Amino acid sequence: MKRAWTMMAMLPWAGAAAAQDAASEATRTAQAELAARLPLDDPQDFANAARGKIAEIKDGLIVAKDGKVIWDRRAYDFLNGTAAPDTVNPSLWRQARLNAIHGLFEVVPDKIWQLRGYDLSVMTVIRGKTGWIVVDPLLSEEAAAAAWKLFADTVEAKSGKRPIKAILFSHSHSDHFGGVGGIVTPEQVAKEKIRIIAPHGFSEEATSENVLAGGAMSRRALYMFGSILPPGPKGQVDTGLGPRLSAGTIGYMEPTETVPATGATLTIDGLEFDVMDAGGTEAPAEMVLYIPAYKALHTTEVVTHNLHNILTLRGAQVRDALRWSKVIDAMLLKWGGEAEVALGSHHWPTWGADNVKALLTDQRDAYRYVHDRTLFLANRGATLHELADQTPEAPVQGRNFSTRGYYGTLNHNMKATYQRYFGWWDGNPANLNPLPPEQSAAKYVALAGGADRLLAAGQAAIAAGDYRWAAELLNKLVFAEPDNAAGREALASAYDQLGYQAESGAWRNYYLAAAATLRGTEIDTVSGNGQSRSFISAIPTPVFFDALATRFDAAKGKALAGTFQFVLPDSKEAVAVVVEGGVEFPRYGVTDPAPVATITVDRATLDDVMLGQAQFPALLQSGAIQIEGDRAAFLSWFALHPPADPRFNVVVP
Ligand SMILES: [Zn+2]
């Protein structure tokens, strides 16, 4: 995992017109078998996804003021075909076509609207007594602004302009708050006393969850969301949860109030909301909402039209399938039978009290099945990589599409649940401390009788349609001989077929993006999103310094000892960074009596540095950073925090 990405472009396979494979006979058979046993032509979801449509953004094209394309659905016109191409799992194809239906939709006549298909997530607008209440203003400011304009140009143009009175952030993931700056400004929030309401623990989770491990998560997210793949029948079609990520600016605003763990009944702009805490399900801080007056249940991201992730492929802390199922059951007990419509922050609504009950029941059972089957088997000796092959689909998955693995899968959710209880190790000492992949791969190649023989075995597995085994074998070859062009191509072929067959958008994207990397056709991007000052400045200072410590080069800095005292005048904070034995320990709120150096710098200036808008030499020259004590020691210590490589290798050594 250490070869610099820039090397890759110079290697022989890079840029070679390596075409992706067609769907194999085995893949076509697998697609046909799945299509034959699922009611793929059930029209109900399509009717729900199109119901109440008022308007749409032409071509689904959103362009920022500076000309940057934030969202473009034109490249997805291939999804208009009703029959799945043989390179796309027919069930995922159905989901992708549903997620592609975009526009402004009336959910409850003249009371609740949704803007769907303009980001990974969905924005909801609710009529209050005097103004609008918005739930989850998308991932990026530009996408949210374009969605709001569509609402203003249609609903407001007809029934009159009204102010935004409140914004609800349903949970701590950025696709539910990052676009807030696109619909209101901080000045507006202060002046017009706009309420921003979030679940307890929101601020800490929203600004910290992805900071310490953000580098690796971002890199893996490019594979999982397919951001390094072109759209197409052999490329990115959907994520399962929504079409893809918008490519704009991710911002942040601090909530003005939070909902306690006990839940609450809130009156927001004259409208009553019954709020239930759902923290520790899909996100550490989350809530669901019921509006009695409209008999509408907003399930946020706790109930969606797919089996969600117990552990996302980009990496995250593992979630709790048991708690998840219990929260859904609590929703069912409290509102089941009364709620006439369920709407979420992804996907389309479900209308009719019986249908809402069925949705909640089936979703509850899907997560409970993940949890209980894992422990049923684990308590009889099954381990991480045995669980899924021993577990058939949940009965409910054969009849309710909303429980199918379009995003999370039964397979990796069971592994995640195993991890939650038992950790990464399966209990077998052969797996306790194996050789690193590159070392063991070289020995496997030698054992196989050389690269050509291993390649032949991999190709034979591909010919037999045994792609999982082919991937295991050929991955050894690529890790032993990363320059072996035939080995790379064969491994890419195995990944092609695994991707084509995958029902999960995340699995498909990951396999096909891996194949693109092997062929040198990966789209070179770090991320389509820019982090804004509002987001960076919201990161708590202790987290900021903990993140800095994760960048400390312990090998080069092992002889350093002493304390660097930071004083942040604008935020009135102090942090003493103790350095010793290759470890850097930030003590928040502590002032050291005898530091090596005292560094006085505004927190806002540190944010500039993080945003890449300021450099140290200039800041020292201008006096924006002042150093008392051993200036040289500070500078040489600070130089030992190299940024992580945002393009590190994932699927090759
Ligand atoms: Zn989301």
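Everything here concerns the structure above.
Residues numbered from 1 in each chain as written. Predicted model: local features only at pLDDT ≥ 70, side-chain atom pairs only at ≥ 80, totals over all residues. Heavy atoms only, no water.

**Some remarks on the overall build of the protein chain**
Put simply, the test is: Comment: elements are numbered from the N terminus, with helices defined as DSSP H or I runs of at least four residues and strands as E runs of at least two. Computation of the radius of gyration draws on C-alpha atoms, with the globule rule given as 2.2 Å multiplied by the number of residues to the power 0.38. The buried label applies to any residue whose accessible area, calculated with a 1.4 Å probe on protein chains only, is under 20% of its type's maximum; exposed applies above 50%, and partly exposed to all values in between. Note on definitions: a residue-residue contact is assigned when non-hydrogen atoms from the two residues lie within 4.5 Å. Calculation of accessible area relied on Shrake-Rupley with a 1.4 Å probe; when residues are assessed, cover is drawn exclusively from the protein chains displayed. Asp and Glu are treated as the negative residues and Lys and Arg as the positive ones, with His and the ends of the chain left uncounted. Where a charge lies is defined by one atom per residue type: Lys uses NZ, Arg uses CZ, Asp uses CG and Glu uses CD.
Secondary structure summary: the protein chain contains 21 helices and 23 strands in total. Computed over its C-alpha atoms, the radius of gyration of the protein chain comes to 26 Å, within 12% of the 26 Å expected for a compact globule of 653 residues. Based on the C-alpha atoms only, the size of the protein chain along its principal axes is roughly 65 × 65 × 50 Å. Taking all 653 residues of the protein chain together, the buried fraction comes to 53%. A separation of at least 24 residues holds for 73% of the contacts in the protein chain among residues at least 6 apart in sequence. For the protein chain, the exposed surface amounts to about 26900 Å²; the carbon and sulfur share of it is 55%. Here the protein chain contributes 60 positively and 72 negatively charged side chains, and the mean placements of these two sets differ by 2 Å.

**What to know about unusual backbone geometry**
Non-glycine residue Lys-193 carries a positive phi angle of around 55 degrees. Tracing the backbone shows Lys-193 in the loop between α6 (186-191) and β9 (195-199). Although it is not a glycine, Lys-295 sits at a positive phi angle of roughly 50 degrees. Relative to the helices and strands, Lys-295 resides in the loop between β14 (287-291) and β15 (296-300). What makes Lys-295 partly exposed here is its relative accessible area of 36%.

**Observations regarding the coordination of the zinc ion**
Applicable threshold: Each metal's donors comprise the N, O and S atoms found within 2.8 Å of it (within 3.2 Å for Na, K or Ca). Water is not part of the atom list, so some coordination spheres may appear incomplete. Here a site with four donors is tetrahedral if all angles are between 85 and 135 degrees, and a site with four or six donors is square planar or octahedral if opposite donors are over 155 degrees apart and the other angles are between 65 and 115; anything else gets the irregular label.
Of the protein atoms, only Asp-175 (OD), His-176 (NE2), Glu-301 (OE) and His-346 (NE2) coordinate the zinc ion, at distances of 2.0 to 2.1 Å. Around the zinc ion, the four donor atoms are arranged such that angles at the metal cover 82 to 171 degrees; this shape is classified as irregular. Expressed as a motif, the donor residue spacing for the zinc ion is D-H-x124-E-x44-H. A residue pair is termed long-range when its members are at least 10 positions apart, and Asp-175 in the loop between β8 (164-168) and α6 and His-346 in the loop between β16 (341-344) and β17 (350-351) qualify at 171 residues. For the pair Asp-175 and His-346, one class covers both residues: buried.

**With respect to helix α13 (residues 451-463)**
It helps to recall that an α-helix has 3.6 residues per turn; residues three or four apart then point in one direction. Put simply, the test is: What a helix is expected to span follows from its residue count: subtract one and scale by 1.5 Å. In this context, the arc is that of the directions from the helix axis out to the C-beta atoms.
Relative to the 18 Å expected for 13 residues at 1.5 Å per residue, α13 spans 18 Å between its end C-alpha atoms, a close match to the ideal helical length. Turning to α13, its buried residues number three or more, namely Ala-451, Leu-454, Leu-455, Gly-458, Ala-461 and Ile-462. The buried residues of α13 all sit within an arc of 120 degrees when viewed along its axis, so they share a single face. Opposite the packed face of α13, turned more than 90 degrees from it, sit the exposed residues Asp-452, Arg-453 and Ala-463. Downstream of α13 by one or two residues, Gly-465 has phi in the positive range, about 75 degrees.

**Things to note about the pairing of strand β7 (residues 132-135)**
What counts is decided by this rule: Any two strands with at least two DSSP bridges between them are considered paired.
Here β7 shows two buried faces, one formed by Trp-132 and Val-134 and the other by Ile-133 and Val-135. For strand β6 (residues 123-127) and β7, the ladder comprises four bridges, and the chain directions are antiparallel. In the strand pairing of β7, Val-125 is matched with Val-134. Taken together, β6 and the strand that follows it, β7, pair antiparallel across an intervening segment of four residues. Pairing between β7 and β8: four bridges, direction parallel. Its bridge partner lying in β8, Val-135 is registered against Leu-168.

**Regarding the pattern of salt bridges**
Note the cut-off: Here a salt bridge means any side-chain nitrogen of Lys or Arg lying within 4 Å of a carboxyl oxygen belonging to Asp or Glu.
Within the structure shown, the criterion is met by 28 salt bridges. Between Lys-149 and Asp-153 there is a salt bridge, with its nearest N and O atoms 2.7 Å apart. Of this pair, Lys-149 and Asp-153 both sit in helix α5 (residues 141-159), four residues apart, which is roughly one turn of that helix. The residue Arg-364 makes a salt bridge to Asp-329 at a minimum N-O spacing of 2.7 Å.

**What to know about helix α16 (residues 505-519)**
Along its 15 residues, α16 runs 21 Å from first to last C-alpha, staying within 8% of the 21 Å computed at 1.5 Å per residue. Counting buried positions over the 15 residues of α16 gives 13, a clear majority of the element.

**Regarding the sheet that holds β7**
Pairing between the strands of a sheet comes from backbone hydrogen bonds, and it takes one of two forms, parallel or antiparallel. Test applied: Only the stretch in contact is used when fitting a helix axis, every axis being a line fitted to C-alpha atoms; angles between N-to-C directions are given from 0 to 180 degrees.
One open sheet holds the eight strands; their spatial order is β1-β4-β5-β6-β7-β8-β9-β11, and the pairing between them is mixed. Two strands in the sheet have a free side with no partner beyond their single neighbour: β1 (53-55) and β11 (257-259). The sheet shows a mean angle of 25 degrees between the axes of neighbouring strands, direction not considered. Against the sheet, α5 contacts β1, β4 (103-108), β5 (112-116), β6, β7 and β8, and its axis sits at roughly 30 degrees relative to β6.

**Side note on the sheet that holds strand β12 (residues 264-268)**
A sheet is described by the order of its strands in space; here six strands give the open sequence β12-β13-β14-β15-β16-β17, paired in mixed fashion. Looking at the sheet topology across the chains shown, the edges are occupied by β12 and β17. In this sheet, β16 lies alongside β15 in parallel orientation, the contact comprising four bridges. Looking at β16, one finds that Leu-297 is bridged to Ala-342. The sheet contacts of helix α9 (residues 321-335) involve β13 (271-277), β14 and β15, and relative to β13 the element is tilted by about 145 degrees.

**Considerations on the pairing of β5**
The element β5 is largely enclosed, with a buried count of five among its five residues. Burial along β5 is two-sided: the residues Ile-112, Gln-114 and Arg-116 and Trp-113 and Leu-115 are all buried. Summarising the sheet, β4 and β5 pair through five bridges and their orientation is antiparallel. Of the residues in β5, the one forming a bridge with Leu-104 is Leu-115. Bridge analysis of β5 against β6 gives four bridges, and the strand direction is antiparallel. Within β6, the position partnered with Ile-112 by the bridge is Ile-126. The turn joining β5 and β6, which pair antiparallel and follow one another in sequence, is formed by six residues; a positive phi near 85 degrees is taken by Gly-117.

**Regarding the side chain of Thr-239**
What counts here: N or O atoms closer than or at 3.5 Å make up a polar contact, with two conditions inside protein: a donor-capable atom paired with an acceptor-capable one, and, for residues adjacent in sequence, both atoms drawn from side chains.
You can see Thr-239 is positioned in the loop between α8 (214-224) and β10 (249-250). A distance of 3.2 Å separates a polar atom in the side chain of Thr-239 from the backbone nitrogen of Leu-241.

**Side note on the packing of helix α14 (residues 467-480) against helix α15 (residues 485-501)**
We count it as follows: In this scheme, roughly parallel covers angles under 35 degrees and roughly antiparallel covers those over 145, while 65 to 115 is roughly perpendicular and the rest are oblique. In this scheme the handedness of a crossing depends on how the near helix is turned from the far one: anticlockwise by less than a right angle means left-handed, clockwise means right-handed. Ten residues, namely Ala, Val, Leu, Ile, Met, Phe, Trp, Tyr, Cys and Pro, are considered nonpolar, four, namely Asp, Glu, Lys and Arg, are considered charged, and the remaining ones, Gly among them, are considered polar.
The geometry of α14 relative to α15 is characterised by a closest axis approach of 9 Å and an angle of 150 degrees between their N-to-C directions. Considering their axes alone, α14 and α15 lie roughly antiparallel with respect to each other. In this structure, α14 meets α15 at a crossing whose hand is left-handed. Two secondary-structure elements touch here, α14 through Tyr-467, Arg-468, Ala-470, Ala-471, Leu-474, Asn-475, Leu-477 and Val-478 and α15 through Gly-487, Arg-488, Ala-490, Leu-491, Ala-494, Tyr-495, Gln-497, Leu-498 and Gln-501. Taken together, the residues of the contact of α14 with α15 sort by class into eleven nonpolar, four polar and two charged.

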